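Read off the chains here:
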Amino acid sequence: MKTSRFSEEQIISILKEQEQGLKVAEICRKHGIADQTFHNWKKKYGGLNADELRRLKELEQENSRLKRLVADQALDIQILKDVNSKKW
């Protein structure tokens, strides 16, 4: 997947420009992005500030770590059940 040439903080600052009253066409021309890109960013990052975005990323990382932990435990339980049923 292609990475963006803009950081998430830069994207948020670009979206803030539109909230300050600049037209979308002017913003897109100024930063060299397409209208569709701007609207996709607005759908994804609209209403967030930089602190909230950092917190969201931390929570996503923690969530993925916990999901892996649960999957590992479920696998261990399944293995123990299989071993136990084969003995009898």
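None of these values were measured; they are calculated from a predicted model. (Residues numbered from 1 in each chain as written. Predicted model: local features only at pLDDT ≥ 70, side-chain atom pairs only at ≥ 80, totals over all residues. Heavy atoms only, no water.)

A.B. asks: Please clarify how the overall build of the chain should be interpreted in this entry.
C.D. replies: Regarding its fold elements, the chain presents 4 helices and 0 strands. When the helices and strands of the chain are read in sequence order from the N terminus, they spell out α-α-α-α. Over its C-alpha atoms the chain spans a radius of gyration of 22 Å, topping by over 25% the 12 Å that the globule rule assigns to 88 residues. With respect to the principal axes defined by its C-alpha atoms, the chain has extents near 75 × 25 × 15 Å. Across the 88 residues that make up the chain, the buried fraction comes to 16%. Within the chain, residue pairs in contact and separated by at least 24 positions form 55% of the contacts whose partners lie at least 6 positions apart. (Helix = DSSP H or I, 4+ residues; strand = E, 2+ residues; numbered from the N terminus. Rg over C-alpha atoms; globule rule 2.2 N^0.38 Å. Buried < 20%, exposed > 50% of the residue type's maximum accessible area, 1.4 Å probe, protein only. Contact = heavy atoms within 4.5 Å.)

A.B. asks: Help me understand a nonpolar patch on the surface in this model?
C.D. replies: The grouping of Leu75, Ile79 and Val83 at the surface amounts to a nonpolar patch, some 270 Å² of accessible area in total. Inspection of the secondary structure assignment puts leucine 75 in helix H4 (residues 50-87). (Patch = residues over 30% accessible without salt bridge, like charges linked within 9 Å, V, L, I, M, F, W, Y side chains within 5 Å. Areas by Shrake-Rupley, 256 points an atom, 1.4 Å probe, with all protein chains shown as cover. Salt bridge = Lys/Arg side-chain N within 4 Å of Asp/Glu carboxyl O.)

A.B. asks: What is the right way to read the pattern of salt bridges from this model?
C.D. replies: Between side chains of opposite charge, pairing is possible as soon as their charged atoms come close. The full count for this structure, using the stated rule, is 5 salt bridges. Across the pair glutamate 17 and lysine 30 runs a salt bridge whose closest N-O atoms are separated by 3.7 Å. Of the two residues, glutamate 17 is situated in helix H1 (residues 8-19) and lysine 30 in helix H2 (residues 24-31); the sequence distance between them amounts to 13 residues. The class of glutamate 17 is buried, set by a relative accessible area of 14%. Lysine 30 gets classed as exposed once you look at its relative accessible area, which sits at 58%. Each of the salt bridges in this network shares a partner with another, and the network as a whole consists of Glu8, Lys57 and Glu60.

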